[in-house]
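In case you want the letters, here they are:
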Amino acid sequence: MTDQLYSQVILDHYRHPYHYGRIKNNDKQKQGFNPICGDKVLLSVKFKNDLIDDIKFQSEGCAISTAAASILLQEVKLKPISFAKSMSQEYLLNKLGIKLSPLRTKCALLVYYTLQTLLDN
Amino acid sequence: MNFDNIRGDFPILNQKVHGKRLAYLDNAATSQKPNSVIEAESEYYQKYNSNIHRSIHHLSEIATEKYEHTRKLVAEFINAYHPSEVIFTKNATEGINLLATILKSKLHKGDEILLTQMEHHSNIVPWQMIAQEKGLAIKYLPVTKDGTLDLSRDTLASLVSGKTKIFSLTHISNVLGTINNVKEVIKAVKELNGNIIIVVDGAQYAPHFKVDVKSTGADFYIFTAHKMLGPTGVGILWGKRNLLSELPPYLGGGEMIQEVYWDRFVPHQLPHKYEAGTPNIAGVITFAESIKYLIEIGFEKIRNHEVRLLTKAYTELSKIEGLTIYGPQETNLRSGVISFNLGEIHAHDVASVLDTEGVAIRSGHHCAEPLVNRVLNCTAVARASFYFYNTEEDIDQLVKGVNKAKEIFSLR
């Protein structure tokens, strides 16, 4: 964990996020919205049997929410759906490697909750 | 009065945040409180905490007298006709909800409510709620490119008609800082329909300017204590007595009744008719100290000081390449509010970097989502807002922090 909010890792993911975009012939898509700040994220997923075969995101959000989406999608792509469903918030927050205030934690978890909702429905 | 000494009256300002001097520039969200206000609240609980308008014991008499004293003070402060026109609510939002609910009795399917595009959610959603229930239409007076209301003859004529029953507008935009000349706007609207009920949201105006409800031409005026040195949990609704007298009650319960039978009740006189239940006694009593403090400084001095800060901040922020400032350019049209964006950097990230520099600002859609999304075309904006206890040093810290954000995100 670093005290610095905008670590090099976060800034790199923010400037060049992985899996950015939208899968046109997706199996499912879901929009997430943070009413506190107006951030939006759109997830689109393609499944193959029990795997998340492909996943992409589009967002209008801050560096924290964008970097969190990039990191989460790296983690779950080509993994079993069950792995993504059982992933804890702490796991993702740990991967971010920065200390977040409660409000900024909401920014980071927007993509996490959106993915959980998409997989549950 | 020397403005540099004023900071000493506000203990909260004398602290470090993340190891840096605190520059509190989130005054449009809430203001800080001077010692006299903090002490008054403590004194209430230490010396005469008791319920008002009920018991005849000594403590209750003191509390009741002090509570009603604030009402008188507020009435004088806003130039009301009579103290009974001043109703205490829990905040400005509750004031507008109260109005929307009681005004329903005067509205019928097909009637129209006129708002403006620069309203806070609290002056949009309560009207939408009654519009859905009663089948009313809501229209919006547009905001022009320079951040002011479009008052052209054609626009007004297309929005105001015999169907328009209520016009509710803000005195100052919490995002753009635009100061609306409500007197002129109301006059222009009333020329097209003289029967419209006028509501003014003064939450951002009352902390910075002298309110004169008689001269605005409004039927109702709403503001909140916490944005003007007062405690949270106290809102003020002023309304014309003839209207408030004929309108139905809002909440039912103790204090708002004159007589109660098994099958009916007779509502109390104004203002008690609209103050059901135990109010925020400590808060209302404390609010008197806020008003006294503001009167002692004087609104002319407050405005002059804020204009100095505004001019400095506007000039220095404008020099930063890639920074966009929203709202009117002219200082005389703008209160101490500057909303901005820094290139593609999200407002939250700007606010987070500023926080590490000890600078408190707000970021987001500022509870004015349609304005920010549809008129300014962004998801969020950063907002610095000043009050009279701010200093030039606060502005220097703001500018330094914005430059730091630019550096971190290497904005080209």
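Preceding this paragraph is the structure being described.
An account of the accompanying structure is given in this report. Everything quoted here is computed from the prediction, not taken from an experiment.

**Quick word on the packing of aromatic side chains**
Residues and elements named next belong to chain B.
Consideration 1: The full count for this structure, using the stated rule, is 18 aromatic pairs over all chains.
Consideration 2: An aromatic cluster is defined as three or more aromatic residues linked by ring pairs; in this entry it consists of Phe10, Tyr293, Tyr387, Phe388 and Tyr389.
Consideration 3: Taking the ring centre of Phe77 as reference, the NZ or CZ of Lys210 above it sits at 5.8 Å.
Consideration 4: The side chain of Lys214 reaches across the aromatic face of Tyr81, ending 4.9 Å from its centre.

**Thoughts on the side chain of Glu306 of chain B**
Consideration 1: Residue position: Glu306 of chain B is located in helix 11 (residues 299–318).
Consideration 2: Arg303 of chain B provides the closest opposite charge to the buried, unpaired Glu306 of chain B, separated from it by 5.2 Å.

**Some details on the layout of surface pockets**
Consideration 1: Put simply, the largest pocket is a space of about 690 Å³.
Consideration 2: Lining of the largest pocket is provided by 24 residues; of these, Ser101, Leu103 and Arg104 of chain A together with Ser352 and Asp355 of chain B occupy positions nearest its centre.
Consideration 3: At the level of secondary structure, the elements contributing two or more residues to the lining of the largest pocket comprise helix 5 (102–120) of chain A together with helix 12 (347–356), strand 15 (359–360) and strand 16 (362–364) of chain B.
Consideration 4: Classifying every residue of the lining of the largest pocket by side-chain character gives 11 nonpolar, seven polar and six charged.
Consideration 5: One number sums up the size of the second largest pocket: a volume of about 590 Å³.
Consideration 6: Elements that contribute at least two residues to the lining of the second largest pocket include exactly helix 1 (8–15) and strand 3 (51–60) of chain A.
Consideration 7: Looking at the lining of the second largest pocket residue by residue, the class counts come to nine nonpolar, nine polar and four charged.

**Quick word on the packing of helix 3 (residues 58–77) of chain B against helix 10 (residues 281–297) of chain B**
Residues and elements named next belong to chain B.
Consideration 1: Relative to each other, helix 3 and helix 10 sit at 40°, their axes nearing to 9 Å. Considering the angle they form, helix 3 stands oblique to helix 10. Crossing hand, helix 3 versus helix 10: left-handed. Only Ile281, Val284, Ile285, Phe287, Ala288, Ile291, Lys292, Leu294 and Ile295 of helix 10 make contact with helix 3, whose side of the interface consists of Ala63, Lys66, Tyr67, Thr70, Leu73, Val74 and Phe77.
Consideration 2: Its residues assigned to classes, the contact of helix 3 with helix 10 shows 13 nonpolar, one polar and two charged.

**Let's talk about the sheet that holds strand 17 (residues 381–385) of chain B**
Residues and elements named next belong to chain B.
Consideration 1: Strand order in the open sheet made by the four strands is 13-14-17-16, with antiparallel pairing throughout. Of all strands in the sheet, those with a lone pairing partner are strand 13 (323–326) and strand 16, marking the two edges. Neighbouring strand axes in the sheet, compared pairwise and without regard to direction, differ in orientation by 30° on average.
Consideration 2: Pairing between strand 14 (residues 337–342) and strand 17: four bridges, direction antiparallel. Bridge pairing links Val337 to Ser385 in strand 17.
Consideration 3: Across the sheet, helix 11 is in contact with strand 13 and strand 14; its angle to strand 14 comes to roughly 10°.
Consideration 4: Running at roughly 15° to strand 14, helix 14 (residues 392–408) makes contact with strand 13, strand 14 and strand 17 of the sheet.

**Things to note about empty space enclosed by the protein**
Consideration 1: In total, this model carries two cavities of 30 Å³ or more according to the counting rule given.
Consideration 2: Looking at the largest cavity, its volume works out to about 50 Å³.
Consideration 3: Lining the largest cavity, in full, are Asn27, Ala28, Ile172, Gln204, His208, Ser335, Gly336, Val337, Ser385 and Phe386 of chain B.
Consideration 4: For the lining of the largest cavity, the per-class residue count stands at four nonpolar, six polar and no charged.
Consideration 5: Roughly 30 Å³ of volume is contained in the second largest cavity.
Consideration 6: If you trace the second largest cavity, you find it lined by Lys40, Val41, Ser59, Ser65, Cys107, Leu110 and Val111 of chain A.
Consideration 7: At three residues, helix 5 of chain A tops the list of elements feeding residues into the lining of the second largest cavity.
Consideration 8: Per-class residue counts for the lining of the second largest cavity are four nonpolar, two polar and one charged.

Conventions we followed
- Residues numbered from 1 in each chain as written.
- Chains lettered and ligands numbered in written order.
- Predicted model: local features only at pLDDT ≥ 70, side-chain atom pairs only at ≥ 80, totals over all residues.
- Heavy atoms only, no water.
- Phe/Tyr/Trp six-rings, centres within 6.5 Å; stacked < 30°, edge-to-face > 60°.
- Lys NZ or Arg CZ within 6 Å of the ring centre and 35° of its normal.
- Helix = DSSP H or I, 4+ residues; strand = E, 2+ residues; numbered from the N terminus.
- Buried < 20%, exposed > 50% of the residue type's maximum accessible area, 1.4 Å probe, protein only.
- Lys, Arg positive; Asp, Glu negative; His and termini not counted.
- Salt bridge = Lys/Arg side-chain N within 4 Å of Asp/Glu carboxyl O.
- 1 Å grid on protein atoms, 1.4 Å probe; cavity = no way out; pocket = protein on both sides within 12 Å on 5 of 7 lines; lining within 4 Å.
- Points joined across faces, edges and corners; volume = space filled by probe spheres on them.
- Nonpolar A, V, L, I, M, F, W, Y, C, P; charged D, E, K, R; others polar.
- Axes fitted to C-alpha atoms, helices over the stretch in contact; angles between N-to-C directions.
- Parallel < 35°, antiparallel > 145°, perpendicular 65-115°, else oblique.
- Left-handed = near helix turned anticlockwise from the far one by under 90°.
- Contact = heavy atoms within 4.5 Å.
- Pairing = 2+ DSSP bridges.

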